[in-house]
Structure formats: C-alpha cells, structure tokens
Amino acid sequence: MKTKNIIKKAREFAKPFRIEKGKDFRLKDIDPGDTRGLSEEEHKGAAKEALANGVAALAELQDKLYAQDKWAVLLMFQAMDAAGKDGAIKHVMSGVNPQGCKVFSFKSPSAEDLDHDYLWRCMRVLPNRGEIGIFNRSYYEEVLVVRTHPEYLAKQKLPPELVTKNIWKERFEDIRNVEQYLSRNGVLIRKFFLHVSKKEQKRRFMDRIDNPEKNWKFSANDASERDYWDDYMESYEDLIRHTATDYAPWYVVPADNKWFTRVVVAAGVIEALDSLNLEYPKVGKQQLAELAAAKEKLEQN
C-alpha cells in the first residue's frame, strides 16, 4: 500500500480517539474494550497488516523529520499499570531509526529531581529538532500519583503557602502554558492515555504472577495501587479535561486489546507527523554544481 493511502487511513482511524477540547470529556464514554466492531480472530491478520503498514509509513516520515531538522516531536504515554505502554512503544516504533528517536521512562523522582521544580526532569530531556522523543510516563504523574498520594507532594519541599486547594488547577495551567510554549517553538506534542479496564488489568496481573517468565514485571505495589482505582480514573478525567488542546491533544486509546491499541497509537503518531508537511531538504543550484563536480572527480579516480 502506498504511503499516502496509509496516511489517509491513519488520519481517519485516529480521529475518533483524539480529544482536543476536554471541557465536556467523560472517561465513562470510552469503552476500554472498544475495537470499532473488529474482532481479534476475524481481523487479526488485518490488524497485523495495518500495524506493519503503519510502521513502514512512520519510518518514511521519521526519515524526513530527521533530514529536515526543523521540528521536534514529543510523544507522551500515560496509563495504569499493565495497560501496555511498553509494548505499544516497542511495536509502533519498531521501524524508526534509533539515531533519531529517544525514549525516557520516568520512575519515582530522585533526590536531585526533588530539588527542582516538578517539570525540570522532563524539560531537561526534550527532543532535539529532527528527533522523536518518547516519554513513558511524564510530568502528568504530578497531577495523578502525587494527587492520589499527598505524602509525595510533601516531599517536594514546596513553601507551605504555595500548597493550596488550587494547586492542581494551577498545575494544569502551568502544563498548558508549557505545552503551548513548546508548540510555538517547533515541538509537536501528542499525548496518549491507554485506557485499560480494571478487570483486564487484574487478568494481566494474574498472568504476570502465574507465568515465571513474567514474574519480573510484577510488584506488590502494583496490586495495592488498585485500591485507588476510582481516584486515578477521576484524576485522569480531570487532567484530560484541563489539558486537552488543539496544540497538544490527547488520544484516549482503548487498551483491553493490545492488537487494537497498537494500531490506534500508530495511527495517531502517523497523523501527527503528517501534519508537519515533512519533506526532504531541497538542494540549490550551487549544491547541485558541487555534487556534479564531486561525481566527476569520483569517476576519474
């Protein structure tokens, strides 16, 4: 399939999952098990083909992004544990040139991180022009985990007078402003929330416990965080409402079926890169003359 056709289909496929204006967004309206009427058995081959086509298109678009060296692309992934962030990143980005793509996973903040503002550790690793930067979790943890566990906020050494009842709204405002600033300086931002159901998360946790090869993926803390499920869902809904914008939209991706999740993510990334109207740098007359001279010299030797 030609790249243009793949891009057109990707735009159409990704559109229903894109949230640009979150004011009226309700998480309950998104079914984690949604596959747009496709069944895994009937369309497994089609899904694999769609993902393979998407990966190929991404590779071509990324090559142009790298060569043009004008735009940077920042992709952020947020989700509950076991929603499939790692797998989505691995499969969707499998065809891109590692030289132009960097992945950063943000765990618990270090002592150095806590001596800075909450955006610092993410801002210091923003992608260069021509690169795709991927954040596996991000500064959105500051309005998710920190909001759910007030003891984490206490460790951030903020002056007491700054910790008010409006702190989360203020952080949403900070994030919108930072993302607008970045977008105005050539950083294209796309954010993906992989929306897994509590039932499917439990099934995946049980699989990690029962399968020795997956034991390393599970920690006791994963299970204990399930006690805060409703709090997290409320926080996700709130942050999407307050930070979904036309310059930094969210994609709320059904995540109960990994094969479907990966196709949606690929479509969203393709849509993002295609919006930049990427092309290879054009060579001027002087450069063409230099190329001709170089060719002639090479032929003589």
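Note: the structure precedes this text.
All of the points below concern the structure found in this document. What you are looking at is a predicted structure, and each value in this text was computed from that prediction instead of being measured.

## Details of the overall build of the chain
In step 1: Each helix and strand counted, the chain has 13 helices and 6 strands in total.
In step 2: Relative to a compact globule of 301 residues, whose C-alpha radius of gyration would be 19 Å, the chain shows 21 Å and is just as compact.
In step 3: Across its three principal axes, the chain shows a C-alpha extent of roughly 75 × 55 × 40 Å.
In step 4: For the chain, the residues scored as buried account for 47% of the 301 residues in total.
In step 5: For the chain, the accessible area works out to roughly 16,700 Å², and carbon and sulfur atoms hold 49% of it.
In step 6: If you average the places of the 50 positive and of the 48 negative side-chain charges in the chain, the two averages end up 3 Å apart.

## As for the packing of aromatic side chains
In step 1: Scanning the model with the defined rule gives 12 aromatic pairs in all.
In step 2: Note on Phe 13 and Phe 17: the rings are 6.4 Å apart at their centroids and 50 degrees apart in plane angle, and the pair reads as tilted.
In step 3: For Phe 13, a relative accessible area of 18% translates into the label buried.
In step 4: With centroids separated by 5.3 Å and ring planes inclined at 75 degrees, the aromatic side chains of Phe 205 and Phe 218 adopt a geometry described as edge-to-face. Of this pair, Phe 205 sits in helix α9 (residues 198–210) while Phe 218 sits in the loop between α9 and α10 (220–224); the two residues are 13 residues apart in sequence, bridging distant segments of the chain.
In step 5: What makes Phe 205 buried here is its relative accessible area of 4%.
In step 6: Residue Phe 218 is classed as partly exposed on the basis of its relative accessible area, which comes to 22%.
In step 7: An aromatic cluster is defined as three or more aromatic residues linked by ring pairs; in this entry it consists of Phe 13, Phe 17, Trp 259 and Phe 260.
In step 8: Cation over ring: Arg 171 sits above Tyr 118, and NZ or CZ is 4.2 Å from the ring centre.

## So, the pattern of salt bridges
In step 1: Going through the model one piece at a time under the given rule, you end up with 19 salt bridges.
In step 2: For Glu 271, the salt bridge goes to Arg 18, with nearest N and O atoms at 2.8 Å. Highlighted residues: Glu 271 in helix α12 (residues 258–274) and Arg 18 in strand β1 (residues 18–19), separated in sequence by 253 residues.

## Concerning the packing of helix α3 (residues 85–92) against α12
In step 1: One way to put it is that α3 packs onto α12 with a least axis distance of 9 Å and a crossing angle of 55 degrees. It follows that α3 is oblique to α12 by the angle criterion. The interaxial crossing formed by α3 with α12 has right-handed handedness. Residues Gly 87, Ala 88, His 91 and Val 92 of α3 form the contact with α12, whose participating residues are Arg 262, Val 265 and Ala 266.
In step 2: Its residues assigned to classes, the contact of α3 with α12 shows 4 nonpolar, 2 polar and 1 charged.

## Focus: the pairing of strand β4 (residues 132–136)
In step 1: Of all 5 residues making up β4, 5 are buried, and the element is well covered by its neighbours.
In step 2: Neither face of β4 is open: one carries Ile 132, Ile 134 and Asn 136, the other Gly 133 and Phe 135, and all of them are buried.
In step 3: Direction of pairing for strand β2 (residues 72–79) relative to β4: parallel, over a ladder of 5 bridges. Within β4, the residue paired with Leu 74 across the bridge is Gly 133.

## Quick look at the sheet that holds strand β3 (residues 101–105)
In step 1: Ordered in space as β1-β6-β5-β2-β4-β3, the 6 strands form an open sheet in which the pairing is mixed. Each edge of the sheet is formed by a strand with only one pairing partner; in this case those strands are β1 and β3.
In step 2: Helix-sheet contacts for helix α8 (residues 167–183) involve β2 and β5 (187–195), and the interaxial angle to β5 is about 135 degrees.

## Regarding helix α13 (residues 285–300)
In step 1: A rise of 1.5 Å per residue sets the reference length of α13, with its 16 residues, at 22 Å; its end C-alpha atoms lie 23 Å apart and thus fit the reference within 8%.
In step 2: With 0 of its 16 residues buried, α13 lies for the most part at the surface.

## Some details on a nonpolar patch on the surface
In step 1: Where nonpolar side chains cluster on the molecular surface, the patch consists of Leu 158, Leu 162 and Val 163 and spans about 220 Å² of accessible area.
In step 2: Mapped onto the elements of the fold, Val 163 is located in the loop between α7 (150–154) and α8.

## Notes on unusual backbone geometry
In step 1: The phi torsion at Asp 69 lies on the positive side, around 60 degrees, for a residue other than glycine.
In step 2: For Asn 277, which is not a glycine, the phi torsion comes out positive at approximately 55 degrees.
In step 3: With respect to the helices and strands, Asn 277 occurs in the loop between α12 and α13.
In step 4: Classification of Asn 277 by relative accessible area gives exposed; the value is 62%.

Cut-offs and rules
Residues numbered from 1 in each chain as written. Predicted model: local features only at pLDDT ≥ 70, side-chain atom pairs only at ≥ 80, totals over all residues. Heavy atoms only, no water. Helix = DSSP H or I, 4+ residues; strand = E, 2+ residues; numbered from the N terminus. Rg over C-alpha atoms; globule rule 2.2 N^0.38 Å. Buried < 20%, exposed > 50% of the residue type's maximum accessible area, 1.4 Å probe, protein only. Areas by Shrake-Rupley, 256 points an atom, 1.4 Å probe, with all protein chains shown as cover. Lys, Arg positive; Asp, Glu negative; His and termini not counted. Charge placed at Lys NZ, Arg CZ, Asp CG, Glu CD. Phe/Tyr/Trp six-rings, centres within 6.5 Å; stacked < 30°, edge-to-face > 60°. Lys NZ or Arg CZ within 6 Å of the ring centre and 35° of its normal. Salt bridge = Lys/Arg side-chain N within 4 Å of Asp/Glu carboxyl O. Axes fitted to C-alpha atoms, helices over the stretch in contact; angles between N-to-C directions. Parallel < 35°, antiparallel > 145°, perpendicular 65-115°, else oblique. Left-handed = near helix turned anticlockwise from the far one by under 90°. Contact = heavy atoms within 4.5 Å. Nonpolar A, V, L, I, M, F, W, Y, C, P; charged D, E, K, R; others polar. Pairing = 2+ DSSP bridges. Expected span 1.5 Å × (residues − 1). Patch = residues over 30% accessible without salt bridge, like charges linked within 9 Å, V, L, I, M, F, W, Y side chains within 5 Å.

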